[in-house]
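# Observations on chain architecture
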Amino acid sequence: MKYLVSLVIGMLFGATLFAAGMFYNPFAERQTVSPLAMSDDEHLDFNYTAVPGETILYTDNGESIISTHPDRVAELWEPAIVDTRIAVNLLTDSRGKAMGLGIKFSTDSEQTRLISSQALVDSVWHIYLPGRGTLQVHQVENFWSYLREVVVPARWSSGDSWKGSFFRIMTQGPNALGTGRVTGGTGNFSGMSAEAVESLTAQAYSAIDGPVSMHGSMTITLPARVSEDD
Amino acid sequence: MLKTFYFGIALGLLGAFALTYSVPAVDLHREPSLISVRQNGGNSETYRIDLPRDRILIGLAGVDNALPAGLDWPAEELFGDLQTEMFKIRDRNGVVIGVASRLASASEATGPFIEWTVHLPARGTVYLQMEVAPSAEGHRNGRLMAGTGGFEKLSGTVIEQFITEFEDEDLNIDARIELITAFVGQLDDEE
């Protein structure tokens, strides 16, 4: 009997050891420098709030800790869209001036591999910038660092909250350099193909309500023709 | 007994590794794709939006019937007559398979436009651009601008049509939007 108890305790210890190793994986990528930082192309930059209650609209399956906004928006409860979230955001420049509208569709990715620190989300932005045109951005984002450094510490905290300084490049693909893919739609962006990188900055998170102080930023490279049109 | 404990640790490590490696963390629900093969190549698929039940958002400055209730839409000075709509998307059997956004503006400075982004989790996303003027048959023609996932290497066209008359009155649907796609795969370069 004592051998069986010893085996079970050993197995539990081993599984815990594995979970701890996976969580504290020192080889997990912590990207804080944009792959576009060295690009000579001109950039289009915008910011948006990542606090659902401050967006124009946010909805998900209604099961998460994050409240939908406004309260009576339709929830995405059907099986095919239950892992999808939609956020409609006002896009602002660095001085906080409104410059456009962005609709972000995000779905948990089946390419997620927790063993290699990959908590992936497939996301698509549908963007309208008045006086400039429309475009679409497709990205694969990795939320592993966000989960590890913000969400889990908030859960473990006795106050059910996290406060600090978090900044990460979230975009991990689908392009080879770890950038997102941009397709121009109308106006100055018509026919454009470009790259994009999205980052997330967080200062406060609640394990009860979700993001408290958080914003995202997007940088899109502009080919010379588009820069001149702008 | 200590050896048994060490053996247990090894077993626990291996078991946890095997479990994490083999069991997918995300397993998206898939509905069968209802695709018809076209006579001249490629395939066709019809996406349906039943109104009003599939509408998630109507955003238009200066109107009283914004949806959902409590929506705080940005002022007219910024977006002019931009009409932003979001919907749930159904297949031709009426099963929800995705979500979509439709942006339209008649007075945009760079030219009027109508665009769709149709996001089908587990399959991919399509970016569609429509002609602003309807055809003589009453529908709008458009084309695939870009696709992701299973739509990445496709090109093709799309028809947007608005239906208000139904044979079955019990459906409790006021209107229906149909997006009928005709996509074809691109030929790979010969080596």
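Scoring rules and cut-offs
- Residues numbered from 1 in each chain as written.
- Chains lettered and ligands numbered in written order.
- Predicted model: local features only at pLDDT ≥ 70, side-chain atom pairs only at ≥ 80, totals over all residues.
- Helix = DSSP H or I, 4+ residues; strand = E, 2+ residues; numbered from the N terminus.
- Rg over C-alpha atoms; globule rule 2.2 N^0.38 Å.
- Buried ≥ 20, exposed ≤ 12 C-beta atoms within 10 Å, placed from the backbone.
- Contact = placed C-beta atoms within 7 Å.
- Nonpolar A, V, L, I, M, F, W, Y, C, P; charged D, E, K, R; others polar.
- Axes fitted to C-alpha atoms, helices over the stretch in contact; angles between N-to-C directions.
- Parallel < 35°, antiparallel > 145°, perpendicular 65-115°, else oblique.
- Left-handed = near helix turned anticlockwise from the far one by under 90°.

This paragraph deals with the overall build of chain B. Scanning chain B for helices and strands turns up two helices and 10 strands. Secondary structure elements in chain B, listed N-terminal to C-terminal, are α-β-β-β-α-β-β-β-β-β-β-β. Whereas a compact globule of 191 residues would reach a radius of gyration of roughly 16 Å, chain B reaches 23 Å, over 25% beyond that. Based on the C-alpha atoms only, the size of chain B along its principal axes is roughly 80 × 50 × 45 Å. Going through the 191 residues of chain B one by one, you find that 32% of them count as buried. Restricting the contact set of chain B to residue pairs at least 6 apart, pairs at least 24 apart contribute 43%.

This part takes up the overall build of chain A. Each helix and strand in chain A was counted, giving three helices and 11 strands. Its helices and strands taken in sequence order, chain A reads α-β-β-β-β-β-β-α-β-β-β-β-β-α from the N to the C terminus. Overall size of chain A, expressed as C-alpha extent along the three principal axes, is 80 × 40 × 35 Å. Here chain A holds 230 residues, and 47% of them are scored as buried.

What follows covers unusual backbone geometry. Omega for the peptide link from H69(A) to P70(A) comes to -5°, which places this bond in the cis form. The peptide bond linking L51(B) to P52(B) adopts the cis configuration, its omega dihedral lying at 10°. Structurally, P52(B) is set in the loop between β2 (43-51) and β3 (55-59). One non-glycine residue, S117(A), lies in the positive phi region at around 60°. On the secondary structure map, S117(A) appears in the loop between β4 (98-108) and β5 (120-129). On the basis of neighbour counts, which here come to 18 C-beta atoms within 10 Å, the residue S117(A) falls in the partly exposed class. A positive phi angle, close to 55°, is found at D160(A), a residue other than glycine. Tracing the backbone shows D160(A) in the loop between α2 (144-156) and β7 (161-169).

On the chain A side, the residues contacting the 59 residues of chain B number 61 residues. Of all the elements in the fold, those that place two or more residues in the side of chain B that touches chain A are α1 (2-22), β3, α2 (76-79), β4 (83-90), β5 (96-105), β6 (113-120), β7 (124-130) and β8 (140-147) of chain B. For the side of chain B that touches chain A, the class distribution of residues is 36 nonpolar, 18 polar and five charged.

The N-to-C vectors of helix α1 (residues 2-23) of chain A and α1(B) enclose an angle of 45°; their axes lie 6 Å apart at closest approach. By the angle class used here, α1(A) and α1(B) are oblique. Here the hand of the crossing between α1(A) and α1(B) comes out right-handed. A class-by-class count of the residues in the contact of α1(A) with α1(B) yields 21 nonpolar, eight polar and no charged.

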